[in-house]
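# Coordinates in review
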Amino acid sequence: MDPAPLPVPSCPSQAPVTQHNKATNRRGPEKSREFPETAECVRKPLYLGSGFPERAEQASETRSVPVCPGMIEVVAKLGRGPVFLAGEVLECVVSFSNPLSALSTSASSETLAWASAQIHCQFHASESRVHLPANEEPRQDVQAENETVFVPNRGERGQCILSTPPKILFCDLRLDPGESKSYSYSESLPLAAPPSFRGQSVKYVYKLTIGCQRVNCPIQLLRVPFRVLLLHALQNFQPPQEDEVAPSNPFLDEEGGGKKDSRLLDSAVEILMALTSRRTLHQFNISNSRGRVGTFCIFKTVYKIGEDVIGTFSFSDGEIPCLQYSVLLQTEESVQEEYRRSRAQPVSVTTHAQHHESCLHSAGTNFSLPIPLTSCPGFSTNIVSLKWRLHFEFVTSREPVEAPTVPENQSEIITWTGAGQIEVDTFSWDLPIKVLPTNPLLASYVSPVLSSHSICI
């Protein structure tokens with residue numbers, strides 16, 4: 001004889017208890033049929049609640065979790081795209097629908113016990129490059145420590161370093177066949193949050209997790225990844241409290257949160273324009289131990305992601321012939337000294353764009369390197385820092401190279417061939433530059449991250 005069924009709460013504040021009975025779909029006495037058990041639904045239920053703990057634990061050990069009949073589709077869509085600035089408000093529309101099929105009847109309604117949403121940032125460090133103190137080591141298996149079973153980062157690698165308070169979307173939702181309901185979720189991203197970054201030493205990954213549970217079924221998690229850009233100039237941003245002087249439009253219905261979010265984005269765009277539009281000629285003399293090679297000119301050293309780094313070379317006043325040069329747009333990822341595995345640990349260098357050119361007998365040349373919109377702007381945390389630079393490599397000749405002779409008579413044919421062997425010298429030079437974020441709307445257009453994700457439960 002089976003024990004009495006356990007109570008099922010209607011809200012995640014009271015931990016849902018998984019009821020164990022036979023895996024059948026009882027829509028009526030004549031339509032009862034068995035559903036095959038699947039690996040996804042057969043799992044040991046996680047129970048952390050205040051009601052009947054001993055009884056629930058015993059039931060979970062003796063009986064398996066029932067297979068959930070029917071299907072409910074959950075779709076989460078970020079309305080403005082998957083890229084945000086730290087301090088902005090993330091808005092997501094979560095839709096729950098009961099698909100209408102040929103086998104649907106009036107008794108085919110589906111019920112969800114509850115749904116909740118929360119934002120969290122996962123931090124993962126490379127064991128070979130980063131030494132974390134014992135109190136900061138990530139746990140291997142994330143378990144709930146309070147009286148709720150909704151743990152957004154359950155099963156995730158690394159450590160959850162940032163999480164917003166969970167928000168309940170609904171409790172006890174009933175959907176008839178073909179019915180759909182949508183809920184709006186919004187949350188402000190902290191201004192002091194680290195940016196999204198996937199480097200060789202550390203990773204910072206942001207996700208919006210929607211957890212929902214059907215009656216007598218395990219909790220299902222829908223994770224929506226998104227990208228966060230950090231602009232340090234916004235750390236002290238405080239929007240005005242009242243709009244007493246600013247004109248208002250009575251035909252526009254704007255909420256206070258939307259006004260604050262638009263002000264922050266407008267302020268960020270103004271700051272970026274002011275910092276990256278300043279043009280000042282920076283001129284550098286290129287020389288090695290044998291003498292002067294040429295001159296390099298660049299008009300600014302502060303850029304936004306998505307811009308092109310443009311520079312020019314002049315070799316007309318050089319004493320040493322330059323055979324070829326290379327320019328590489330790179331990032332330097334360095335671990336802070338107290339977290340390094342060794343004192344002599346090298347800096348991780350990543351190349352994002354490069355330009356190679358042969359310039360023998362050229363009076364001048366130029367290059368243009370695009371900064372990818374998918375790259376991470378420079379930043380610094382207590383564990384790692386990221387800096388941008390231009391890495392130059394020059395190949396020069398140790399001896400003068402004769403220039404080709406220009407014939408005086410156009411009818412005369414002269415074939416010029418280069419030297420078969422030249423003794424050369426090579427040297428390199430690094431020029432630090434600063435790379436800032438761009439408008440998140442622009443970065444969303446080329447983001448490989450999707451704005452919409454779905455799951456069937």
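Reference entry: report on the structure contained in this document. Small disclaimer: the values here were computed from a predicted structure and weren't measured.

### A word on the sheet that holds strand β14 (residues 291-298)
Read from one edge to the other, the open sheet built from 4 strands follows the order β13-β14-β16-β19, with strand pairing classed as antiparallel. Of all the strands in the sheet, the pair left with one neighbour each is β13 (282-288) and β19 (364-370). Each strand axis lies, on average, 25 degrees off the axis of its neighbour in the sheet, ignoring direction. Where β14 meets strand β16 (residues 308-314), 4 bridges bridge the pair, whose relative direction is antiparallel. Bridging across to β16, Thr295 finds its partner in Ser314.

### What to know about the pattern of salt bridges
Applying the stated criterion across every chain yields a total of 12 salt bridges. Here Asp430 makes a salt bridge to Arg389, at a shortest N to O gap of 3.2 Å. Here Asp430, found in strand β22 (residues 424-436), pairs with Arg389, found in strand β21 (residues 384-397); they are 41 residues apart in sequence, far enough to count as distant. For Arg389, a relative accessible area of 11% translates into the label buried. The residue Arg398 makes a salt bridge to Glu423 at a minimum N-O spacing of 3.9 Å. Residue Arg398 is located in the loop between β21 and β22, and its partner Glu423 is located in the loop between β21 and β22; the two are separated by 25 residues in the primary sequence. When salt bridges that share partners are traced, they join Arg290, Arg398, Glu423 and Asp425 into one network.

### Looking at the packing of aromatic side chains
One pass over the full model with this rule turns up 23 aromatic pairs. On the basis of an interplanar angle of 40 degrees and a centroid distance of 5.0 Å, the ring pair of Phe296 and Phe313 is categorised as tilted. Of the two residues, Phe296 is situated in strand β14 and Phe313 in strand β16; the sequence distance between them amounts to 17 residues. Summarising the burial analysis for this pair, Phe296 and Phe313 share the class buried. Grouped by ring-pair contacts, the aromatic residues Phe284, Phe296, Phe313, Phe315, Tyr325, Phe367, Phe392, Phe394, Phe427 and Trp429 constitute a single cluster. Directly above the aromatic system of Tyr185 lies the positively charged group of Lys167, at a separation of 5.8 Å from the ring centroid.

### Observations regarding a nonpolar patch on the surface
A cluster of nonpolar side chains, contributed by Leu442, Tyr445 and Val446, occupies part of the molecular surface with about 340 Å² of accessible area. Residue position: Leu442 is located in helix α3 (residues 440-445). Residue classification places Leu442 among the partly exposed residues on the basis of a relative accessible area of 40%.

### Some thoughts on the nonpolar core
Formed by 86 residues in total, the largest nonpolar core has its most connected members in Phe96, Leu208, Phe226, Phe313 and Leu390. For this core, the element with the highest residue contribution is strand β6 (residues 110-125), accounting for 7 residues. Two domains each donate at least three residues to this core, and these are domain 1 (73-132 + 146-230 + 442-456) and domain 2 (277-401 + 422-436).

### So, the environment of Asp425
By secondary structure assignment, the location of Asp425 is in strand β22. For the pair Asp425 and Thr396, spaced 29 residues apart in sequence, the C-alpha separation works out to 5.2 Å. In this view, Asp425 contacts Arg290, Phe394, Val395, Thr396 and Arg398; residues no more than four positions away in its chain are not counted. A polar contact of 2.8 Å, which involves the side chain of Asp425, links it to the side chain of Arg290. Here Arg398 takes part through its side chain, which lies 2.7 Å from a polar atom of the side chain of Asp425.

### What about the side chain of Ser126?
As for its position among the elements, Ser126 is in the loop between β6 and β7 (159-163). If we skip the residues at most four places from it in the chain, Ser126 touches Gln200 and Ser201.

### Comments concerning the environment of Cys322
Its place among the elements puts Cys322 in strand β17 (residues 322-335). Given the relative accessible area of 4%, Cys322 is considered buried. In this structure, the C-alpha to C-alpha distance between Cys322 and Gly294, residues 28 residues apart in sequence, is 8.3 Å.

### Some thoughts on the state of the cysteines
Covalent bonding between the sulfur atoms of two cysteines is what defines a disulfide. Inspection of every chain in the model, using the stated rule, returns 0 disulfides. Free of any disulfide, Cys160 has its nearest cysteine sulfur in Cys121, 7.5 Å distant. Here Cys160 falls in the partly exposed class, since its relative accessible area comes to 29%.

### Digging into the environment of Cys121
Residue position: Cys121 is located in strand β6. Using a relative accessible area of 0% as the deciding quantity, one classes Cys121 as buried. For the pair Cys121 and Cys160, spaced 39 residues apart in sequence, the C-alpha separation works out to 5.7 Å. Not counting chain neighbours up to four residues away, the residues in contact with Cys121 comprise Gln159, Cys160, Ile161, Leu162, Pro194, Tyr204, Val205 and Tyr206.

### With respect to the side chain of Glu333
Its location among the elements puts Glu333 in strand β17. Despite its burial, Glu333 remains without a salt bridge, the nearest opposite charge being carried by Arg129 at 6.9 Å. Only 2.9 Å separates the side chain of Glu333 from the backbone nitrogen of Gln200, close enough to count as a polar contact. Only 3.5 Å separates the side chain of Glu333 from the backbone nitrogen of Val202, close enough to count as a polar contact. In contact with Glu333, other than residues within four places in its own chain, are Phe197, Gly199, Gln200, Ser201, Val202, Val347, Ser348, Val384, Ser385 and Leu386.

Rules used in this analysis
- Each residue is numbered by its place in its chain's sequence as written, counting from 1.
- Thresholds applied to this predicted model are a pLDDT of at least 70 for local features of residues and 80 or more for the giving and counting of side-chain atom pairs; totals over whole chains, interfaces and linings are not thresholded and use all residues.
- As a rule here, side-chain values come from all non-hydrogen atoms in the structure, and water together with hydrogens is ignored.
- Any two strands between which DSSP finds at least two bridges are classified as paired.
- Here a strand is any run of E in DSSP of at least two residues, a helix any run of H or I of at least four, and the numbering for each starts at the N terminus.
- Interaxial angles span 0 to 180 degrees and are taken between N-to-C directions of axes, which are lines fitted to C-alpha atoms, for helices over the stretch in contact.
- The salt bridge definition used is simple: a Lys or Arg side-chain nitrogen within 4 Å of an Asp or Glu carboxyl oxygen.
- Summary of the burial criterion: residues with accessible area below 20% of their type's maximum are buried, those above 50% are exposed, and those between are partly exposed, where the area comes from a 1.4 Å probe applied to protein chains only.
- Under the pairing criterion, centres of Phe, Tyr and Trp rings, with the six-membered ring standing for Trp, must be within 6.5 Å; the plane angle then separates stacked pairs below 30 degrees from edge-to-face pairs above 60, leaving the rest tilted.
- As a reminder, the over-ring test applies to NZ of lysine and CZ of arginine, requiring each to be within 6 Å of the ring centre and within 35 degrees of the ring normal.
- What makes a patch is a set of residues exposed beyond 30% relative accessible area and free of salt bridges, joined within 9 Å when like-charged and within 5 Å when nonpolar (Val, Leu, Ile, Met, Phe, Trp, Tyr).
- To be clear on the numbers: accessible area is Shrake-Rupley with a 1.4 Å probe, and residue cover counts the displayed protein chains and nothing else.
- Each nonpolar core is a collection of buried residues, namely Ala, Val, Leu, Ile, Met, Phe, Trp, Tyr and Cys, held together in the definition by side-chain atoms within 4.5 Å.
- Bear in mind that the domain bounds are from an automatic or database domain assignment.
- Note on contacts: a residue pair qualifies if any of its non-hydrogen atoms lie within 4.5 Å across the two residues.
- Polar contact criterion, stated in full: a pair of N or O atoms within 3.5 Å, where within protein one must be able to donate a hydrogen and the other to accept it, and residues adjacent in sequence count only if both atoms are side-chain atoms.
- Sulfur atoms of two cysteines make up a disulfide when they are within 2.5 Å.
- For this count, His and the chain ends are skipped, Lys and Arg are scored as positive, and Asp and Glu as negative.

These values are about where atoms sit, not about what they do.
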